Amino acid sequence: MPASPSTARAINDRLALRLLQQDGPLTASQLKTSTGLSRPTVADLVERLQRAGLVRVVGESDSRRRGPNARLYGIAADRAHLAALDVRTDSVAVVIADLLGATLAEATLPIDGDTPDRPAVQQAVAAVERTARSAGPAPLHSVAIGAPGLIDPASGELRDTAGLPSWHRGLVKELQRRLPATVVVENETNLAAVAEHRTGAALDRDTFALLWLGHGIGAAVMLDGALRRGASGGAGEIGFLPVPGTTRVPSAADCEGGFHSLAGSAAVLDLAAAHGIEARGPAGTGQAREPGAASAVRAALADRGPRGEAFLSDLAGRIALGAASVVAVLDPGCVVLAGEVGRAGGDVLAARVEERLALMSPLPTEVRAGALGGGAVLRGAVLAAREAAQDALFAPGDGA
């Protein structure tokens, strides 16, 4: 059946808004060219979106002609604000952004491991509210939280997971209760994959696997441009993957003995010490707290001698073990080594992993270094919050 006039308007408005968000500001003529719509249709939709407060005139093009045809239209980015959170075991990092994703304010709150749940939650919520106020008076519309652990695919709630602080779940519930905003929760590694896909190392890939190499180990799967979370939200819990080279197998409650025991930060530091590579332990605080493994990799790259080469070769072999299992099941064609360790290793480590992987798997697989490091989770959370806001605020028909 042909679309009704109201449905057609909604589709056209959504298309124009997405173009303005991605490529704007644009003139009406540029919108006409990009959408393929007629000039009167574009004029009508621009007027509707202006009345709804979604777009505004933000300047004029460089064209010699002036007047209505030269007006540049852009998203009304200050209509509402977004919040992105990266929740770690010992910290909460917050970014407040406008509707285009531009950072307006940010803060990091360290949380001591001995802090009881309720004070930890209250401190974190206060940090979010304080940072939001410092960004300006616009209302907080959407909040996206990146956290370790499993997200229930049915309820969207963070599940109680052994080994992770219980205040994480309390924080999510308290933000949902106190903030006049949409609150969404996503696994941190999934958000990193979204960020690397949209703005990082996987821009040209709609299908790839991401290995998060940081304090811990995780994976994310992007197939045909969509995240695959699994039946219980646990796709990518690669730390539990049984692999050769460990002294035992993991259990349902403990990933020791799994891939985590080979490629987690503590294991990488032990490997570095065995090769005589001097590396400091975790540095910094909060979201900027870098795992010692990243320091070890940089030290090996700077060594330029047999010790550094041997360490990098052994580390590449370990990472390739985990990657080979992912490749054998999914055949993603590309694996991104993300997180602080992946970024520290850069193209050198990625090339070594690709070489080792080619010896284990008949499936051709490119291995790339992540471009965003530890900041990928926050960047992905900003993108998730922006999408949630777009679905609500930018839904044509809401006063348009």
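Residue numbers restart at each chain and count upward from 1, following the sequence in its written direction. Given that this is a predicted model, residues contribute local features only at a pLDDT of at least 70 and side-chain atom pairs are listed and counted only at 80 or more, while totals for whole chains, interfaces and linings are drawn from all residues. Values reported for side chains reflect all heavy atoms of the structure, with hydrogen atoms and water molecules removed beforehand.

Chemist: Even after reading the chapter, I still don't get the overall build of the chain, so can you show me in this structure?
Modeler: Strands are runs of DSSP state E lasting at least 2 residues, helices are runs of H or I lasting at least 4, and numbering of each runs from the N terminus. Counting secondary structure elements, the chain contains 12 helices and 12 strands. As defined in this context, the radius of gyration uses C-alpha atoms, and a globule is described by 2.2 Å times the residue total to the power 0.38. Over its C-alpha trace the chain gives a radius of gyration of 23 Å, about what one expects of a compact globule, namely 21 Å for 400 residues. With respect to the three principal axes, the spread of C-alpha positions in the chain is 70 × 50 × 45 Å. To sort residues, take the accessible area from a 1.4 Å probe on protein chains only and compare it with the maximum for the residue type: under 20% means buried, over 50% means exposed, and anything in between is partly exposed. Out of the 400 residues belonging to the chain, those deemed buried represent 50%. Put simply, 64% of the contacts in the chain that link residues at least 6 apart link residues at least 24 apart. Of the roughly 17,900 Å² of accessible surface on the chain, a fraction of 51% belongs to carbon and sulfur atoms. Residue contacts are defined here by distance: any two heavy atoms, one from each residue, within 4.5 Å place the two residues in contact. Surface exposure here means Shrake-Rupley accessible area, sampled with a 1.4 Å probe, where a residue is shielded only by the protein chains that are shown.

Chemist: Looking at this model, I keep getting lost on the sheet that holds strand S11 (residues 334–338). Mind explaining?
Modeler: The strands making up a sheet associate through backbone hydrogen bonding, with each pair oriented either parallel or antiparallel. Strand pairing is defined by DSSP finding a minimum of two bridges between the two strands. Taken in spatial order, the five strands make up an open sheet running S10-S9-S8-S11-S12, and their pairing is mixed. Of all strands in the sheet, those with a lone pairing partner are strand S10 (226–227) and strand S12 (366–369), marking the two edges. When strand S8 (residues 208–213) meets strand S9 (residues 217–223), the two strands line up antiparallel, connected through six bridges. Across the sheet, Phe208 pairs through a bridge with Met222, a residue of S9. Against the sheet, helix H11 (residues 339–360) engages S8, S11 and S12, with an angle of about 160 degrees to S12. Axes, fitted as lines to C-alpha atoms, cover a helix only where it is in contact. Angles between the N-to-C directions of the axes lie from 0 to 180 degrees.

Chemist: What's the story with the sheet that holds strand S3 (residues 81–87) in this structure? I'm lost.
Modeler: Pairing in this open sheet of five strands is mixed, and the strands run S5-S4-S3-S6-S7 from one edge to the other. Two strands bound the open sheet, and with one partner strand each, they are strand S5 (103–110) and strand S7 (182–187). The sheet shows a mean angle of 15 degrees between the axes of neighbouring strands, taken without regard to direction. Here seven bridges tie strand S4 (residues 91–97) to S5, and the two strands are oriented antiparallel to one another.

Chemist: Is there a simple way to think about the nonpolar core in this case?
Modeler: Nonpolar side chains tend to gather and get buried jointly when the protein is soluble and globular. In terms of nonpolar packing, the biggest core is built from 39 residues, with Leu211, Phe311, Leu315, Ile319, Leu337 and Val353 touching the most fellow members. Counting residues per element, this core draws most heavily on helix H10 (residues 306–330), at 10 residues. Residues within four places of Phe311 in sequence aside, it is in contact with Val268, Leu271, Ala272, His275, Ile277, Ala296, Val297 and Ala300. The definition of a nonpolar core used throughout is a set of buried Ala, Val, Leu, Ile, Met, Phe, Trp, Tyr and Cys residues joined through side-chain atoms within 4.5 Å. Counting 32 residues, the second largest nonpolar core, distinct from the first, contains Val95, Trp212, Val336 and Ala338.

Chemist: I'm lost on the pairing of S3 in this one. Help?
Modeler: A regular strand places its side chains so that they alternate between the two faces of the sheet. Taken across its seven residues, S3 has seven buried, putting it largely inside the fold. Covered by surrounding structure in S3 are His81, Ala83, Leu85 and Val87 together with Leu82, Ala84 and Asp86, the residues of both alternating faces. Pairing between S3 and strand S6 (residues 140–147): six bridges, direction parallel. When the bridges of S6 are listed, Leu85 appears paired with Ile145. Where S3 lies against S4, six bridges are found, and the strand directions are antiparallel. Residue pairing in the sheet places Val87 in a bridge with Val92 of S4. Taking the residues between adjacent antiparallel strands as the criterion, S3 and S4 are bridged by three residues.

Chemist: Please clarify how the environment of Val377 should be interpreted in this entry.
Modeler: Its place among the elements puts Val377 in helix H12 (residues 376–393). Its relative accessible area of 1% is what places Val377 among the buried residues. Those residues in contact with Val377 that sit more than four places away from it in its chain are Asp86, Gly146, Glu188, Leu191, Ala192 and Trp212.

Chemist: Explain the pattern of salt bridges to me, please; I cannot follow it from the model alone.
Modeler: Opposite charge on two side chains makes pairing possible when the charged atoms of those side chains draw close. Throughout this description, the term salt bridge denotes a Lys or Arg side-chain nitrogen within 4 Å of a carboxyl oxygen of Asp or Glu. Taken as a whole and judged by the stated rule, the model has 16 salt bridges. Note that Glu387 and Arg198 form a salt bridge whose closest N and O atoms lie 3.0 Å from each other. Of this pair, Glu387 sits in helix H12 while Arg198 sits in helix H6 (residues 188–199), and the two are 189 residues apart along the sequence. Exposure remark for Glu387: the relative accessible area of 40% places this residue in the partly exposed category.

Chemist: How do you make sense of the side chain of Asp86 when you look at a structure like this?
Modeler: Topologically, Asp86 is positioned in strand S3. For Asp86, a relative accessible area of 0% translates into the label buried. Polar contact is the term for a pair of N or O atoms within 3.5 Å; when the atoms are in protein, one must be able to donate a hydrogen and the other to accept it, and sequence-neighboring residues count only if both atoms are side-chain atoms. Within polar-contact distance, the side chain of Asp86 engages the side chain of Arg88 at 2.8 Å.

Chemist: So what exactly am I meant to see when it comes to the environment of Thr365 here?
Modeler: Position of Thr365 relative to the elements: it lies in the loop between H11 and S12. The spacing of Thr365 and Val327 is 38 residues in sequence and 7.7 Å in space, taken between C-alpha atoms. Dropping the residues within four chain positions of it, Thr365 is found in contact with Val327, Gly333, Cys334, Val335, Glu354 and Leu357.

Chemist: Would you explain helix H8 (residues 265–274) in this entry?
Modeler: Think of an α-helix as 3.6 residues a turn; residues three or four steps apart then line up on the same face. Buried residues of H8: Ser265, Ala267, Val268, Leu271 and Ala272, and no others. Axial view of H8: buried residues confined to an arc of 160 degrees, hence all on one face. For H8, the exposed residues set more than 90 degrees away from the buried face come down to Ala266, Asp270, Ala273 and Ala274. Tucked into the core, H8 has its buried residues touching helix H7 (260–263), helix H9 (292–303) and H10. Phi turns positive, to about 75 degrees, at Gly276, one or two residues after H8. What the arc covers is the set of directions going from the helix axis to the C-beta atoms.

Chemist: Explain the packing of H9 against H10 here, please?
Modeler: Between H9 and H10, whose axes approach to 7 Å, the crossing angle comes to 135 degrees. Here H9 lies oblique to H10, going by the angle between them. Handedness of the crossing formed by H9 with H10: left-handed. Counting all contacts with H9, which are made through Ala296, Val297, Ala300, Leu301 and Asp303, the residues of H10 involved are Pro306, Arg307, Gly308, Phe311, Leu312 and Leu315. When its residues are assigned to classes, the contact of H9 with H10 shows eight nonpolar, one polar and two charged. In this scheme, roughly parallel covers angles under 35 degrees and roughly antiparallel covers those over 145, while 65 to 115 is roughly perpendicular and the rest are oblique. Note on convention: near helix rotated counterclockwise from far helix by under a right angle means a left-handed crossing. Clockwise means right-handed. When residues are grouped by polarity, Ala, Val, Leu, Ile, Met, Phe, Trp, Tyr, Cys and Pro land in nonpolar, Asp, Glu, Lys and Arg in charged, and all others, Gly among them, in polar.

On their own, these measurements won't tell you what the molecule is for.
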